[in-house]
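# Coordinate inspection notes
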Amino acid sequence: MEKQQATFHSSAPIQRDEVYFREKIAQISSAEDLISDRRLLRIALGAFGLDADINSGFFIRKVLEEGTLSQDSLANKLADKSYLALSKAFGFGDYTSPRTAQPDFAETILAQYRERQFEIAVGDKHESLRLVMVAKRELPEIATKAMSEDGKWFTMLGSAPLRSVIETALGLPSSFVAIDLDQQVMALREKADAVFGSPDPAVFAEPAKLDKLLKLYLLRSEAATSGGSGQSAALQILRSSGQSSGVLSILL
């Protein structure tokens, strides 16, 4: 993994993007400036997993200009908190002077950009592994946030990758998304309590519990897409990593 990441990060397209971002970002003082430079916007969105919004300039500008300090701002209303993180990082709507001119700003954004672009590259070959990488990065962060248990579940459900990992790992049907959101959280709490010994998403801050969740996800996703052969491969993953027969009985 480390070698693959190093090779990817040193590739010509990534290096050119980094040079351009470092040279130009300090000159950006408003959301309008950022939207007007498509290349900078692409890198900024890519750093927060929002690559698909590259053509949604008006929407992104509104997210950035309204900021995050008001609970009525668009970023705070959206279920996907990636927009909140984007708006908070740039600070166009929160401060008189945005964060773009801060000495460490470019490196902070570029570190996120490299990580997420590598995840996309992995996903082009194996989507399940990309989702595992996203969950491994984001779940512990949400698990340790100062918010209610239900608030953490709502945050996880607001992220398409995390929702996919959790629903698949816990064996929930595709129709699960159609039920009332409060009922979804109740169901998740019950499932998590049965599998992880607690209804609190804080358990995902524990490496062993997070590892168990990700292995459950890989097992079920591979079984769903590959039939028996996928299930055999997933079982091999579990057994080689020392998972107990108890885990296997839960799954099978």
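This text goes with the structure placed above it.
Below you will find a few notes about this structure.

Conventions we followed
Residues numbered from 1 in each chain as written. Predicted model: local features only at pLDDT ≥ 70, side-chain atom pairs only at ≥ 80, totals over all residues. Heavy atoms only, no water. Phe/Tyr/Trp six-rings, centres within 6.5 Å; stacked < 30°, edge-to-face > 60°. Helix = DSSP H or I, 4+ residues; strand = E, 2+ residues; numbered from the N terminus. Buried < 20%, exposed > 50% of the residue type's maximum accessible area, 1.4 Å probe, protein only. Lys NZ or Arg CZ within 6 Å of the ring centre and 35° of its normal. Axes fitted to C-alpha atoms, helices over the stretch in contact; angles between N-to-C directions. Parallel < 35°, antiparallel > 145°, perpendicular 65-115°, else oblique. Contact = heavy atoms within 4.5 Å. Nonpolar A, V, L, I, M, F, W, Y, C, P; charged D, E, K, R; others polar. Core = buried A, V, L, I, M, F, W, Y, C linked by side-chain atoms within 4.5 Å.

This paragraph deals with the packing of aromatic side chains. Under the definition given, this model contains six aromatic pairs. Measuring from centroid to centroid gives 5.0 Å for Phe90 and Phe105, while their planes differ by 75 degrees, and the two rings are edge-to-face. Residue Phe90 is located in helix α7 (residues 82–90), and its partner Phe105 is located in helix α8 (residues 105–125); the two are separated by 15 residues in the primary sequence. Each ring, one from Phe196 and one from Phe204, has its centre 5.3 Å from the other, and the planes form 80 degrees; the classification is edge-to-face. Residue Phe204 is classed as buried on the basis of its relative accessible area of 1%. Three or more aromatic residues joined by ring pairs form one cluster here, namely Phe90, Phe92 and Phe105. Arg39 extends its terminal NZ or CZ atom over the ring of Tyr20, reaching a point 4.5 Å from the ring centre.

Following both chains from N to C, one finds α8 and helix α9 (residues 127–143) inclined at 150 degrees, their axes separated by 6 Å at the closest point. Judged by the inter-axis angle, α8 sits roughly antiparallel to α9. Contact residues: Glu115, Arg116, Phe118, Glu119, Ile120, Val122, Gly123 and Lys125 in α8; Glu127, Leu129, Arg130, Met133, Val134 and Arg137 in α9. Class assignment for the residues of the contact of α8 with α9 results in six nonpolar, one polar and seven charged.

With that settled, consider the nonpolar core. In terms of nonpolar packing, the biggest core is built from 33 residues, with Phe21, Leu34, Phe48, Leu64, Leu86, Phe90 and Ile109 touching the most fellow members. Residue assignment for this core shows that the elements contributing at least two residues are α2 (12–24), α3 (31–36), α4 (38–46), α5 (57–66), α6 (74–77), α7 and α8. Ignoring any residue separated from it by four or fewer positions in sequence, one finds Phe21 in contact with Leu40, Ile43, Phe105, Ala106, Ile109 and Leu110.

Fair warning: the whole summary comes from geometry, so function is off the table for now.
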